[in-house]
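Spelled out, the chains give:
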Amino acid sequence: MSLFDLEKTLSFDEYIAIFDAERVAKVRGFVDWLSQYSGSLVHNPWGEVNPDLEIVADDFDAAQVRRDNLVAYLLPRLGRAKVFVVAEAVGYQGGRFSGIAITCERMLLDKHKTIRAKDITPIRLERTSSPTSPLLKGTQQKDGFNEPTDTVVWSAIVEKGIDPYDTLLWNIFPFHPHKDGNPLTNRTPTEAEQELGWEYTKRLLELHLELGGEESLMLAVGQKSADTMGKFGLPAIGLRHPANGGANLYRQGFANAIKSCGFASL
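Notes on the structure follow. Computed from a predicted structure; not experimentally measured.

So, the overall build of the protein chain
In terms of regular secondary structure, the protein chain is built from twelve helices and six strands. Taking 266 residues into account, the globule formula puts the C-alpha radius of gyration at 18 Å, and the protein chain, at 17 Å, falls close to it. Its C-alpha atoms give the protein chain principal-axis dimensions of roughly 50 × 45 × 35 Å. Residue burial in the protein chain is summarised as follows: out of 266 residues, 56% are buried. Pairs at least 24 residues apart make up 71% of the contacts formed inside the protein chain by residues separated by at least 6 positions. Of the roughly 11700 Å² of accessible surface on the protein chain, a fraction of 50% belongs to carbon and sulfur atoms. Between the averaged position of the 29 positive side-chain charges in the protein chain and that of its 35 negative side-chain charges there is a distance of 7 Å.

Looking at the pairing of strand 5 (residues 217-221)
Counting buried positions along strand 5 gives five out of five residues, so the element sits mostly inside the fold. Burial of the side chains of strand 5 extends over both faces: Leu-217, Leu-219 and Val-221 are buried on one face and Met-218 and Ala-220 on the other. Here strand 2 (residues 83-89) pairs with strand 5 via four bridges, running parallel. Across the sheet, the residue bridging to Val-83 is Leu-217, located in strand 5. When strand 5 meets strand 6 (residues 237-239), the two strands line up parallel, connected through three bridges. Paired with Val-221 across the strands is Leu-239, a residue of strand 6.

Focus on the sheet that holds strand 5
What holds strands together in a sheet is hydrogen bonding between their backbones, with the strands either parallel or antiparallel. Taken together, four strands build an open sheet; the order of strands is 3-2-5-6 and the sheet is parallel. At either margin of the open sheet sits one strand with a lone partner, and together these are strand 3 (167-173) and strand 6. Between one strand axis and the next, the sheet turns by 30° as a mean value, whatever way the strands run. Sitting on the sheet, helix 10 (residues 191-210) is in contact with strand 2, strand 3 and strand 5, with an inclination near 155° to strand 3. Its contacts with the sheet place helix 12 (residues 247-260) against strand 2, strand 5 and strand 6, and it is angled at close to 170° to strand 5.

Scoring rules and cut-offs
- Residues numbered from 1 in each chain as written.
- Predicted model: local features only at pLDDT ≥ 70, side-chain atom pairs only at ≥ 80, totals over all residues.
- Heavy atoms only, no water.
- Helix = DSSP H or I, 4+ residues; strand = E, 2+ residues; numbered from the N terminus.
- Rg over C-alpha atoms; globule rule 2.2 N^0.38 Å.
- Buried < 20%, exposed > 50% of the residue type's maximum accessible area, 1.4 Å probe, protein only.
- Contact = heavy atoms within 4.5 Å.
- Areas by Shrake-Rupley, 256 points an atom, 1.4 Å probe, with all protein chains shown as cover.
- Lys, Arg positive; Asp, Glu negative; His and termini not counted.
- Charge placed at Lys NZ, Arg CZ, Asp CG, Glu CD.
- Pairing = 2+ DSSP bridges.
- Axes fitted to C-alpha atoms, helices over the stretch in contact; angles between N-to-C directions.

Right under this line is the structure:
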């Protein structure tokens, strides 16, 4: 039996017990801090539950599941990751239901065409979108949400042979901004939301250093994300956003950035 197969049998509590208690406490503290935010026309994946869209059961707390998913994702990467890939905000097809930036449910469930669940975390994570909600499409009910941009970002990492645990994905505004009256939409975060989101991003980077990490290569999903990061004093290489026919240009830009910064051997 491989280590991956063995770890897939571990529960969340058994898995985090593998890590140093101080590391776990810091990561959980960060995620708990995220869960406390509340804003207008914003869904907080780690602190809020929409019963019209999410699994509701006596023994299932969707927000808690997403907190656990994020903790399981961050634990092996903070202090290790050499490359940070940062997008603008959580999307409804991705982190809104998975709890992990730029990552969709089908990846967690090992139902994605190209990205394996083991690339996300070595233990099994759970979906939170409802398989019976009439607001979801049939394929979403069956297999969870799939996000095209998430697919391109993850595929660029895997195609270059980079260990996914040497990368960390994040959003400048780490919550899901949506349009009025429609939670299954995305909207651009306001300047005030970006400034608020920067406080979480800054703390994440500080935590990375506290846990033994070094200054990482910062890549932005789209020039707009790069400009926002630059506004807060964090230089980043802006890559072509994968949307609207930009997938191949994103992959090319990612490969060039990795090569030019000496990360080709990761």
